[in-house]
Structures are given as structure tokens and as C-alpha cells.
Amino acid sequence: MNPQAKLIFTTSLLLGTTITISSNHWITAWAGLEINTLAILPLISKSHHPRAIEAATKYFLVQATASTLVLFSSMTNAWYTGQWDITQLTHPVSCLILTSAIAMKLGLVPFHFWFPEVLQGSPLTTGLLLSTVMKFPPITLFLMTSPSLNPTLLTSMALLSTALGGWMGLNQTQIRKILAFSSIAHLGWMTIIISYNPKLTLLNFYLYALMTAATFLALNSIKALKLSTLMTAWTKTPPLSAMLFLTLLSLAGLPPLTGFLPKWLIIQELTKQDMAPAAVMISLLSLLGLYFYLRLAYCATITLPPHTTSQMKQWHTNKPTHASIAILATMSATLLPISPMISTLL
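Because the structure is a prediction, the values reported are computed rather than measured.

Let's shift gears to the packing of helix α12 (residues 238–252) against helix α15 (residues 323–334). Two elements in contact, α12 and α15, have axes whose closest approach is 9 Å; the angle formed by their N-to-C orientations is 40°. In terms of their interaxial angle, α12 and α15 are classed as oblique. In this structure, α12 meets α15 at a crossing whose hand is left-handed. Listed contacts from α15 to L240, M243, L246, T247 and S250 of α12 are I325, A326, A329, S332 and A333. For the contact of α12 with α15, a count of residues per class yields 7 nonpolar, 3 polar and no charged.

Under the UniProt annotation, "domain: NADH:quinone oxidoreductase/Mrp antiporter transmembrane" (unreviewed entry) lies at residues 23–288. From the first C-alpha to the last, residues 23–288 spans 38 Å; its make-up is 74% helix and 0% strand.

This part covers the domain arrangement of the protein. For the protein, the assigned domains read domain 1 (1–124) and domain 2 (150–345). Between domain 1 and domain 2, the C-alpha centre-to-centre distance is 24 Å. Contact residues are listed per partner, giving 17 residues for domain 1 and 22 residues for domain 2. Here domain 1 packs against domain 2, burying approximately 1,700 Å² in sum over the two surfaces, 75% of which is carbon and sulfur. Together, V109, Q120 and L124 form the three largest contributors to the area buried by domain 1 at its contact with domain 2, with a combined 41%. At the boundary of domain 1 with domain 2, the tally comes to 1 salt bridge. A salt bridge links E117 to K177; its shortest N-O distance comes to 3.3 Å.

Among the structural elements, T20 can be located in helix α1 (residues 3–21). In this structure T20 comes out as buried when scored by relative accessible area, which is 0%. T20 has contacts with A29, G32, L33, P137, T140, L141 and M144, leaving out every residue within four places of it along the chain.

Let's shift gears to the packing of aromatic side chains. A complete count under the given rule lists 7 aromatic pairs for this structure. K135 extends its terminal NZ or CZ atom over the ring of F115, reaching a point 3.9 Å from the ring centre. Stacked on the ring of W189, the Lys or Arg K263 has its end atom at 5.2 Å from the ring centre.

A contiguous nonpolar surface patch, about 290 Å² in accessible area, is contributed by L38, F60 and L61. Tracing the backbone through its elements, the reader meets L38 in helix α2 (residues 26–44). According to the relative accessible area criterion, L38 is exposed, its value standing at 52%.

This part takes up the pattern of salt bridges. For the structure on display, the rule yields 4 salt bridges. One salt bridge in this structure joins E117 and R51, with 3.3 Å as the shortest N-O distance. Taken together, the residues E117 in helix α5 (residues 114–120) and R51 in helix α3 (residues 50–81) connect sequence positions 66 residues apart. Within the structure, one salt-bridge network assembled from shared partners comprises R51, E54, K58, E117 and K177.

This part covers α15. If you check α15, its first and last C-alpha atoms are 16 Å apart, about what 12 residues at 1.5 Å a residue would give, namely 16 Å. Along α15, the positions that sit buried rather than exposed are I325, L328, A329, S332 and A333. Buried residues of α15 fall within an arc of 130° about the axis and therefore sit on the same side. Packing partners of the buried residues in α15 comprise α10 (198–222) and α12.

Okay, unusual backbone geometry next. The omega torsion across V109 and P110 is 5°, close enough to zero to call that bond cis. Looking at where P110 falls in the secondary structure, it is placed in the loop between α4 (92–106) and α5. Omega for the bond connecting P255 with P256 falls within 30 degrees of zero, at 5°, which places this linkage in the cis form. Position of P256 among the secondary structure elements: in the loop between α12 and α13 (260–272). Residue K223 is not a glycine yet carries a positive backbone phi of 65°. Position of K223 relative to the elements: it lies in the loop between α10 and α11 (227–231). A relative accessible area of 56% means that K223 is categorised as exposed. Although it is not a glycine, D274 sits at a positive phi angle of roughly 60°. As for its placement among the helices and strands, D274 is situated in the loop between α13 and α14 (276–302).

Here is what the cut-offs are and how they apply
Residues numbered from 1 in each chain as written. Predicted model: local features only at pLDDT ≥ 70, side-chain atom pairs only at ≥ 80, totals over all residues. Heavy atoms only, no water. Axes fitted to C-alpha atoms, helices over the stretch in contact; angles between N-to-C directions. Helix = DSSP H or I, 4+ residues; strand = E, 2+ residues; numbered from the N terminus. Parallel < 35°, antiparallel > 145°, perpendicular 65-115°, else oblique. Left-handed = near helix turned anticlockwise from the far one by under 90°. Contact = heavy atoms within 4.5 Å. Nonpolar A, V, L, I, M, F, W, Y, C, P; charged D, E, K, R; others polar. UniProt positions renumbered as here; feature names shortened; annotations may be inferred. Domains from an automatic or database assignment. Buried area = accessible area lost by both parts, 1.4 Å probe. Salt bridge = Lys/Arg side-chain N within 4 Å of Asp/Glu carboxyl O. Buried < 20%, exposed > 50% of the residue type's maximum accessible area, 1.4 Å probe, protein only. Phe/Tyr/Trp six-rings, centres within 6.5 Å; stacked < 30°, edge-to-face > 60°. Lys NZ or Arg CZ within 6 Å of the ring centre and 35° of its normal. Patch = residues over 30% accessible without salt bridge, like charges linked within 9 Å, V, L, I, M, F, W, Y side chains within 5 Å. Areas by Shrake-Rupley, 256 points an atom, 1.4 Å probe, with all protein chains shown as cover. Expected span 1.5 Å × (residues − 1). Arc of directions from axis to C-beta.

Laid out in C-alpha cells, this is it:
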């Protein structure tokens, strides 16, 4: 793909995201989502591999369906209430349809089926955009409509997402699929608290985007797509593998790393809302995800390749680690001490 085309698609992504997150009217929010979808499709299919074309087709069909449902829910609400304002979504049927549409956009259970396949067919850099930038506009729509949505439905979807994201990631050997199920599990944590404290959802998303960006960029630098490749990557760039190790543990939510902060605050808020059973359940379900994060971290650093490996060994490189990866990885590991300051902002 030539640089001019890449610039146009990246600018369109930023434009679509900005339009959606800054709009008050449903039509402009829908237009922003459509611009986003059309801008990411060439980036998914740029390799012209059949798997990439398949991923782009699946992504287009699912996102088109979700956008249609967003438009249908807003039109139904406008039909009954005369309001096109995003924050004035009050009709119960519209709320239910919108919840389904946003869940489809994000990849929440039971509409998760497309996300691992699309991520597997995309390059790592496009996968990073799909996991972070493309999820921001739907999450902002969730935030703006959260007072109208059904908390019981959201809690059920969140618990199912965390369970399925952890369970399905256990048996994977493809790193992109593991990160896709990781994203589904993290979305469960964001969704469970959105009705009670939307700012916590936003904090969780920001920290998740930070840690995921560090992980994807490190894997892109190592050129690792499978666990077997990751196991032989230690000899190439030991410092980068060590940073990847810490970032993965932070994604798992282990203290004293950054990823523990949103989980801690969410469990605290759920307990305040008399939802202790839900807090216990989502905490136990996140242990499933901990297993595959530890497996990735183990393969990245602790496992040394055998002498008779079928993979070609990669030797030390003099190429320095990119500054952005170093900054993101450092932030992914060290932001927990400033949690008192963050909690005062919520």
C-alpha cells in the first residue's frame, strides 16, 4: 500500500472517530461509524491474502449489520419520543436494539464470533487499530446512553464475555487470536461497571489501550505471530522480550502493575453497589485469562528454545527498541503508584 493511500485511510479513521465521539445527533454518530468501517477495510485486506479478504468481508458484514441496528434503534426512539439526541434514548425497545448493536460493534458475547477471525486475518498494526481505536466510538455511545440501558442485561453480557474470553483463549496457539479473546474479556470488565460508574469504564479502556498498544507493537517488532515463534524470539532482543513479559502480566491484572488498577477500582465500585456476587464471579473468571497471559509471558521470556527446534533461531540484533514501545511498556508496568491521584479524578 502506497503512503498516500495509507495517509488517507488513517486520516479517515481519525475523522470518523472524532465525528462519532463529538456528536449529539444519532445520524452524525452513525455517519462517523460508517466512515470508520470503510477506512479500516483496506487496511485489513491490504496483503491480498485469502485470509485477509475473508477477514475484511466478515468485518464489513458484521459492522454493516450493527450500523443498521444503530440507525433502526435511533429511528424507533425518534418515532415514539420525537428526540434525535443521543442522551435522550428512552424507549425500551430502542434501548434493547442499541445494546445489541453496540455489543456487535465491540464484539461482546453473544456477538463475539467475528472478532477473533477478523483479528487473525489482519496484520498486527491493523489488529492494534481494531482492538483500540475502532472500539472507542462504540464505547462513547455506550457511555452517553448508559443511564437508559438495562443494568441486568449489561451485567449478564459482561460476565459471559469475561468467561468466554478467558475460556476460549486457553487452547489457542495463534497470538492474534489470544489477544482477541483477551479483548473480549477486558470488554466484560468495562461493560459490567458502565451503568454505575461510566468514568471507570473510560479509565479501564484507556489503560487497556495503553497495554494492548505496547503488546502489539512489541510483537510487531519481534515479528511473532505464533507461540512457537515467540519461544525462539528471546535470543533476538532480550530487553524487548522482558518488557513484553511485564506488559502481558499487566494485561493479566497482576499487582503491582498498571493493569491491577482498573480491576481493583471496578471490584471496589461493584461492592459499593451491593453487587458483591458479581464482583466475586468476574474476579474468578478473570483467572482463566491469567492462565493464557502467563503462558504467553512464559513463552516470551522463560522458555529457551531446544537445540533441535524446527524454527529458525533468531540471533541478537543491534536494532534499538523503538522509543514508543519503551514508553508504553514502562507506563504499562508503573502507573499503579499514582492510583490515589487517578481515584480523585473519578
